[in-house]
Amino acid sequence: MLEIRNLHVSIGDRPILAGIDLDVKSGEVHAIMGPNGSGKSTLAQVLAGREGYAVTAGSVRYLEQDLLALAPEQRACAGIFLAFQYPLEIPGVANVQLLRSALNSVRRQRGESELDAMDFLDTVKSKLALLDMDESFLYRAVNEGFSGGEKKRNEILQMAVLEPRLAILDETDSGLDIDALKTVASGVNALKDPERAVILVTHYQRLLNYIVPDRVHVLANGRIVRSGDASLALELEDKGYGWLTPDTHEEARP
Amino acid sequence: MSQPEVSHPDARNAELRSRIADEYRWGFVTDIEQEVVPEGLSEAVIRLISKKKNEPDFMLEWRLQAYRHWLTLTAPTWSSVHYPAIDYQAIHYYAAPKSGAQPKDLSEVDPELLRTYEKLGIPLQEREALAGVAVDAVFDSVSVATTFKDKLESLGIIFCSFSEALREHPDLVRQYLGSVVPYTDNYFATLNSAVFTDGSFVYVPKGMRCPMELSTYFRINARNSGQFERTLIIADEGATVSYLEGCTAPMRDENQLHAAVVELVALKDARIKYSTVQNWYPGDAEGRGGIYNFVTKRGDCRGDRAHISWTQVETGSAITWKYPSCILRGDDSAGEFYSVALTNHRQQADTGTKMIHIGRNTRSTIVSKGISAGFGSNAYRGLVKVLPSAANARNYTQCDSLLMSDHCAAHTFPYIEVKNPSATVEHEATTSKIGDDQLFYLRSRGLSEEDAVNLIVNGFCREVFKELPMEFAVEAQKLLAVSLEGAIG
């Protein structure tokens, strides 16, 4: 589904990613772990099409398309979803309004008809129930005045409504209490499907207690320095990142 | 090697410019035989206008007094708008479609005019006016048609052109004209008092709740003409009325002056809601042409518990200069001002309100949303004045500015004068720039850049749009979307 080859990315003159190779197949869950500043979020942002990053070498193919040639909205319509690390506030715009615009935009692109207001509400309500979220969420302005946990859950709600082929979660687990973490995990697990894939960008192992990854990759200094199965995450929990990144000054986590 | 596709800024701008070029969809000219008074302003011209309109003597006297007063004034220079001096002798002060006598009903209206209003989406045929909105259409200097007149008349509601009101209800006009905005008020209001040609007149009798929205549609068509309309709305004790005005003009290279006066009188327990969707031709991207919209609008809460609410969506005009105001004279009376003003390209707006608290327990609310794009300049200027008599007066003011480019400007000039210690005055102001982060967030959810901008802008304006009657709120959203096409960057 996703083939990243020798991806080099800079911000200004500063190289961030220095040759990433990654294959994600349908049905798989990949975890990308690594110390702060290793390039995890940059990778997530570049996949979603954020401007301001220069791709200096390499390629990304997604479902047989050149992903990097697509605008962010085209990527979304092609089934890519990024759950933001820091979701943005859109004052005055009700959540339900954004969800409906987004879903209909994506459906149009897929050649499906737009949902009318009633069908749309039914769809959204079933997703709310799945995530154990109150209906009042729908009528609040997008992320405005939301707590950190509410913002993250709202990202998962958007993901559940849009049903992406490839979901990328950028540190969605950070700052969540255990209940919210479980909610996020159940949202992701409900999405799992042989036709879909998930990339979890995370600093900690604990999310992986609830979402078991097929592959775990450790990113350091803009490169994948180690890949393994779910047991790698446990090993990291034990030993920290230091043993994998001898040429950095990153403190190993105890 | 593969790189994200980033279109070259110049190429993108060129594409956007070509789209902007046809974005003013109301810019057509109606080819119609016009009767135009020669350009220039003099007592003779004013006498001619008054005579053409068969006005009573008091009206001519009033006009002449205004004109003589105007000669002693100089144009104000205090606002933040910039424009070359206006040559008042180069303006035609009267232009009218040449179709003989005043039409008695729609069948006598020139079909070309009816087609004009159809193109504008204003059906004058009563059976087409499904929304139940009574419309008075003003084409250049004269009112061409008023719909639903008979139905309103049966309720005692007068809704007609100003000219007709002068003929049919001279005493009412005489009683109220200039009682809110006197002919000495300010340079442009004084000019209007001398030369105004038509406009709308509304009288809602005691206790009557007007059953439909009343609407006036203004259209400037003639070249080198000004439009000086005058609107007078009176809500008698306990009466309620909601009134909407809309306006468009053809695209022309030269600037045209629109200097209107609107007076609202709300007696005891009366409510007036006045909504404006202003879409005069804004000029082109380089600032050529466009309407100078220099307007005086004021409402007088003359009785206790009277309520006046102004809602305006200002997207057009090269320059907008207006301060719809409320004089809160009656005890417990309330004034509201909800405004969205958008300036794109080289447009300038200096707009706001004045809330004058005189009576006890008077309340006012001001919500102003300024959107600046391109090289546009947007200023909120507002006065909250609490006089010694206004015990327990309350004001809440919120001024928000949204910037959409690196070249635009937003200013806020709040003036607050409080002479009663029991008053509560609150002022909140914010300025934000539409963020790349916000846009990326929405685009990553599948929205096009344009849809993303519209969603953010509509959210920004929501508090004002919800004050508009439903169908006009939809219209206002569309107008904003069209006015902002290609505004990001």
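Cut-offs and rules
Residues numbered from 1 in each chain as written. Chains lettered and ligands numbered in written order. Predicted model: local features only at pLDDT ≥ 70, side-chain atom pairs only at ≥ 80, totals over all residues. Heavy atoms only, no water. Helix = DSSP H or I, 4+ residues; strand = E, 2+ residues; numbered from the N terminus. Buried < 20%, exposed > 50% of the residue type's maximum accessible area, 1.4 Å probe, protein only. Contact = heavy atoms within 4.5 Å. Areas by Shrake-Rupley, 256 points an atom, 1.4 Å probe, with all protein chains shown as cover. Rg over C-alpha atoms; globule rule 2.2 N^0.38 Å. Expected span 1.5 Å × (residues − 1). Arc of directions from axis to C-beta. Buried area = accessible area lost by both parts, 1.4 Å probe. Salt bridge = Lys/Arg side-chain N within 4 Å of Asp/Glu carboxyl O. Polar contact = N/O pair within 3.5 Å; in protein donor to acceptor, adjacent residues only side chain to side chain. Pairing = 2+ DSSP bridges. Axes fitted to C-alpha atoms, helices over the stretch in contact; angles between N-to-C directions. Core = buried A, V, L, I, M, F, W, Y, C linked by side-chain atoms within 4.5 Å. Left-handed = near helix turned anticlockwise from the far one by under 90°. Nonpolar A, V, L, I, M, F, W, Y, C, P; charged D, E, K, R; others polar. pLDDT = per-residue confidence, 0-100. Phe/Tyr/Trp six-rings, centres within 6.5 Å; stacked < 30°, edge-to-face > 60°. Lys NZ or Arg CZ within 6 Å of the ring centre and 35° of its normal.

**Q** Would you take a moment to explain the overall build of chain B for this structure?
**A** Within chain B one finds 11 helices and 24 strands. Burial statistics for chain B: of 489 residues in total, 62% are counted as buried. Long-range pairs, those at least 24 residues apart, make up 84% of the contacts in chain B between residues at least 6 apart in sequence. Carbon together with sulfur atoms contributes 49% to the accessible area of chain B, which is approximately 18700 Å² in total.

**Q** Explain the overall build of chain A to me, please; I cannot follow it from the model alone.
**A** Scanning chain A for helices and strands turns up seven helices and 12 strands. The globule rule puts the C-alpha radius of gyration for 254 residues at 18 Å, and the 18 Å found for chain A is close to it. Its C-alpha atoms give chain A principal-axis dimensions of about 55 × 40 × 35 Å. For chain A, the proportion of its 254 residues judged to be buried stands at 54%.

**Q** Just to check I follow, could you spell out helix 4 (residues 117-130) of chain A for this structure?
**A** For an α-helix the count is 3.6 residues per turn, leaving residues at separations of three or four pointing the same way. Residue and element names in this part refer to chain A. The end-to-end C-alpha distance of helix 4 is 20 Å, a good match for the 20 Å that 14 residues give at a rise of 1.5 Å each. Among the residues making up helix 4, those that are buried are F120, L121, V124, K127 and L128. Viewed along the axis of helix 4, the buried residues span an arc of 130°, placing them on a single side of the element. Those residues of helix 4 that are exposed and angled more than 90 degrees off the buried face are M118, D122 and A129.

**Q** Is there a simple way to explain the environment of Y281 of chain B in this structure?
**A** Topologically, Y281 of chain B is positioned in the loop between strand 12 (271-278) and strand 13 (290-301). For the pair formed by Y281 of chain B and G316 of chain B, sequence separation is 35 residues and the distance between their alpha carbons is 5.6 Å.

**Q** I would appreciate a short explanation of the interface of chain B and chain A in the present structure.
**A** Buried accessible area, meaning the area lost when the parts come together, often serves as the stated size of an interface. The interface is formed by 24 residues belonging to chain B together with 41 residues belonging to chain A. For the pair chain B and chain A, the two sides together bury roughly 2500 Å², of which 59% comes from carbon and sulfur. Together, F440, Y441 and R445 of chain B form the three largest contributors to the area buried by chain B at its contact with chain A, with a combined 32%. Run the count over chain B and chain A and you get four salt bridges. With a shortest N-O distance of 2.7 Å, R443 of chain B and E73 of chain A are connected by a salt bridge. For the pair chain B and chain A, the number of links is 11 residue pairs in polar contact (both at pLDDT 80 or more).

**Q** Looking at this structure, how should I read the sheet that holds strand 12 (residues 223-228) of chain A?
**A** Remark on secondary structure: sheet strands pair via backbone hydrogen bonds, oriented parallel or antiparallel. Residues and elements named next belong to chain A. Ordered by their spatial adjacency, six strands build an open sheet running 6-9-10-3-11-12, and the pairing between neighbours is mixed. Every interior strand has two partners, whereas the edge strands, strand 6 (80-83) and strand 12, have only one. This sheet shows a mean twist of 20° between the axes of neighbouring strands, independent of strand direction. Bridge analysis of strand 3 (residues 29-33) against strand 11 (residues 215-220) gives four bridges, and the strand direction is parallel. Opposite M33, over in strand 11, you have V218 as the bridge partner. Each of strand 3, strand 6, strand 9 (166-170), strand 10 (197-201) and strand 11 is contacted by helix 1 (residues 40-48), which is oriented at about 145° to strand 9, the strand it contacts most.

**Q** When you look at unusual backbone geometry in this model, what are you seeing that I'm missing?
**A** If you check the backbone angles, L63 of chain A has positive phi at about 50° while not being a glycine. In this fold, L63 of chain A is placed in the loop between strand 4 (54-62) and strand 5 (65-66). Under the relative-accessibility criterion, L63 of chain A is labelled partly exposed at 28%. Positive phi outside glycine occurs at N54 of chain B, with the angle close to 55°.

**Q** Help me understand the nonpolar core, please; the structure alone is not making it clear to me.
**A** Across soluble globular proteins, nonpolar side chains have a tendency to be buried as a group. By size, the foremost hydrophobic cluster in this structure holds 114 residues, and its most contacted members are L2, L7 and L169 of chain A together with I371 of chain B. Counting residues per element, this core draws most heavily on helix 10 (residues 449-465) of chain B, at nine residues. Formed by 53 residues, the second largest nonpolar core is a distinct cluster that contains M59, L166, A189 and V195 of chain B.

**Q** Looking at this model, I keep getting lost on the pattern of salt bridges. Mind explaining?
**A** Two side chains with opposite charge may pair up if their charged atoms get near one another. Applying the stated criterion to the full structure yields 35 salt bridges over all chains. For K40 of chain A, the salt bridge is made with E171 of chain A, and the minimal N-O distance between the two is 3.7 Å. With a gap of 131 residues between them, K40 of chain A in helix 1 and E171 of chain A in the loop between strand 9 and helix 6 (178-191) connect regions that are remote in the sequence. Note on K40 of chain A: relative accessible area 4%, which makes it buried. Residue D406 of chain B pairs with K433 of chain B through a salt bridge whose shortest N-O separation is 3.5 Å. Pair noted here: D406 of chain B is in the loop between strand 22 (394-403) and strand 23 (409-418) and K433 of chain B is in strand 24 (residues 424-433), with a separation of 27 residues, a long-range link. On the accessibility criterion, D406 of chain B (64% relative accessible area) is exposed. Salt bridges sharing partners connect three or more residues here, namely E51 and E73 of chain A together with R443 of chain B.

**Q** Could you clarify how one ought to interpret the packing of helix 3 (residues 57-71) of chain B against helix 8 (residues 187-195) of chain B in this entry?
**A** The axes of two packed helices give the description: the angle between them and the distance between them. All names here are of chain B. Interhelical geometry of helix 3 versus helix 8 gives an angle of 145° and a closest axis separation of 7 Å. Like other packed secondary-structure pairs, helix 3 and helix 8 cross with a definite hand, here left-handed. Along the contact surface, helix 3 presents W62, R63, A66, Y67, H69 and W70, while helix 8 presents Y187, T190, L191, S193, A194 and V195. Here the contact of helix 3 with helix 8 is built from residues that sort into eight nonpolar, three polar and one charged.

**Q** How do you make sense of the confidence of the model for chain A when you look at a structure like this?
**A** Caution applies to low-pLDDT parts of the model: their predicted coordinates are not meant to be read in detail. Here chain A averages 90 in pLDDT, and 96% of its residues register 70 or above. Under a pLDDT of 50 for its full length, residues 248-254 of chain A has, in the predicted model, 11 contacts with residues more than four places off or in other chains.

**Q** Just to check I follow, could you spell out the packing of aromatic side chains for this structure?
**A** The way to describe two aromatic rings as a pair is by their centre distance and the angle between their planes. For the structure on display, the rule yields 21 aromatic pairs over all chains. Judged by centre distance (5.2 Å) and plane angle (85°), the ring pair of Y187 of chain B and F188 of chain B falls under edge-to-face. On the accessibility criterion, Y187 of chain B (10% relative accessible area) is buried. You can call F188 of chain B buried: its relative accessible area is 5%. Here the aromatic rings of F188 of chain B and W321 of chain B are separated by 5.6 Å at their centres, their planes lie at 65°, and the arrangement is edge-to-face. On the criterion of sequence distance, the pair formed by F188 of chain B in helix 8 and W321 of chain B in strand 15 (residues 319-322) is long-range, its members being 133 residues apart. What links up through ring pairs into an aromatic cluster is the set Y67, W70, Y83, Y88, Y187, F188, Y292, F294 and W321 of chain B. A cation sits over an aromatic face here: R140 of chain A above F137 of chain A, 5.6 Å from the ring centre. One cation-aromatic arrangement involves R230 of chain B over F196 of chain B; the distance from NZ or CZ to the ring centre is 5.8 Å.

**Q** In this structure, what is going on with the packing of helix 9 (residues 436-443) of chain B against helix 10 of chain B? I would like to understand it.
**A** Residues and elements named next belong to chain B. For the pair helix 9 and helix 10, interaxial distance at closest approach is 9 Å and the crossing angle is 115°. The handedness of the crossing between helix 9 and helix 10 comes out as right-handed. Contacts from Q438, L439, L442 and R443 in helix 9 reach E449, A452, V453, L455 and I456 in helix 10. Counted by class, the contact of helix 9 with helix 10 contains six nonpolar, one polar and two charged residues.

**Q** I would appreciate a short explanation of the environment of E89 of chain A in the present structure.
**A** Within the secondary structure, E89 of chain A sits in the loop between strand 6 and strand 7 (90-94). Between the C-alpha atom of E89 of chain A and that of G222 of chain A, which follows or precedes it by 133 residues, the distance is 30 Å. Sequence-distant contacts of E89 of chain A, defined by excluding residues within four places in its chain, comprise V142, N143, E144, G145 and K151 of chain A together with Q438 of chain B.

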